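Reading the structure
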Amino acid sequence: MKKLLLSVLTLVLAYSAQASHLMGGQITSRNIGGLTYEVTLTLYRDTLGIPMDQTATFNYSDASGYSASNTVPNGGPFSIGNGVERYVFIDSITFPAAGNYNISWTSCCRNAAILNMTNAGGESLYLSNSLFADST
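Below or above, wherever it landed, is the structure these notes cover.

1. Quick word on the overall build of the protein
What the protein contains, in helices and strands, is 1 helix and 8 strands. In the protein, which comprises 136 residues, the share counted as buried stands at 34%. Carbon and sulfur atoms form 56% of the exposed surface of the protein, whose accessible area is close to 8,300 Å².

Structure follows, in structure tokens:
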């Protein structure tokens, strides 16, 4: 009996150590004047998984070699029901010149319960947004 209890306990602890949380998300951007943009990262978290990061790092780049990053705190959680929370991270950036820019964010730990992926629990979540910054 003790061996069975120990085996079950080991399985439970091993599963929780590998728990994941990220269900999905999106990055949106909007011009707030000139070359300045407000960038919003929205993430959805399974509340049975590991806690959400307290910050998110936005990465900005273009084809000419421009690169910048900014870390912002999360705004949340907002419960949307059924064991799901929404987190919103908001940043603003002023690009150095008009042009095409890529905004990205990535983190480990997709939700293992996602069924349309072969190994969701072993995958990272990568989100990006492309925009043409224009000062007019």
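On we go.
2. Topic: the sheet that holds strand β4 (residues 67-73)
The strand order across the open sheet built from 4 strands is β4-β3-β7-β8, with neighbouring strands paired in antiparallel fashion. The open sheet is flanked by β4 and β8 (125-133), the only strands paired with a single partner. This sheet shows a mean twist of 20° between the axes of neighbouring strands, independent of strand direction. In this sheet, β8 lies alongside strand β7 (residues 99-107) in antiparallel orientation, the contact comprising 9 bridges. Residue pairing in the sheet places Asn100 in a bridge with Phe132 of β8.

3. A look at the pairing of strand β2 (residues 36-46)
Within β2, 8 of the 11 residues are buried, which leaves the element mostly enclosed by the surrounding structure. Sheet topology places strand β1 (residues 22-33) next to β2; 10 bridges connect them, and they run antiparallel. What sits directly across from Leu22, in β2, is Arg45. Of the pairings in the sheet, the one linking β2 to strand β6 (residues 84-94) comprises 11 bridges and is antiparallel in character. The partner of Val39 across the bridge, within β6, is Asp91.

4. A closer look at the nonpolar core
Grouped together as the largest cluster of nonpolar side chains are 23 residues, with contacts concentrated most on Leu41, Leu43, Phe58, Phe89, Phe95 and Trp105. Contributing elements (two or more residues each) for this core: β1, β2, β3 (55-61), β6, β7 and β8.

5. Points about the side chain of Arg45
Among the structural elements, Arg45 can be located in strand β2. Side-chain polar atoms of Arg45 contact the backbone oxygen of Ile50, separated by 3.0 Å. One polar contact links Arg45 to Glu85, side chain to side chain, over a distance of 2.7 Å. Setting aside chain neighbours within four positions, we find Arg45 in contact with His21, Met23, Ile50, Pro51, Met52, Gly83, Val84, Glu85 and Tyr87.

6. Concerning the sheet that holds β1
In any sheet, the strands associate via hydrogen bonds between backbone groups, in a parallel or an antiparallel arrangement. Taken in spatial order, the 4 strands line up as β1-β2-β6-β5 in an open sheet, and their pairing is antiparallel. If you trace the sheet from one side to the other, it starts and ends with β1 and β5 (75-81), each paired once. Strand-to-strand twist of the sheet, defined as the mean angle between neighbouring strand axes without regard to direction, takes the value 25°. As judged from the 4 bridges shared by β5 and β6, these two strands associate in the antiparallel manner. Its bridge partner being in β6, Phe78 is matched across the sheet by Arg86.

About the thresholds
Residues numbered from 1 in each chain as written. Predicted model: local features only at pLDDT ≥ 70, side-chain atom pairs only at ≥ 80, totals over all residues. Heavy atoms only, no water. Helix = DSSP H or I, 4+ residues; strand = E, 2+ residues; numbered from the N terminus. Buried < 20%, exposed > 50% of the residue type's maximum accessible area, 1.4 Å probe, protein only. Areas by Shrake-Rupley, 256 points an atom, 1.4 Å probe, with all protein chains shown as cover. Pairing = 2+ DSSP bridges. Axes fitted to C-alpha atoms, helices over the stretch in contact; angles between N-to-C directions. Core = buried A, V, L, I, M, F, W, Y, C linked by side-chain atoms within 4.5 Å. Polar contact = N/O pair within 3.5 Å; in protein donor to acceptor, adjacent residues only side chain to side chain. Contact = heavy atoms within 4.5 Å.

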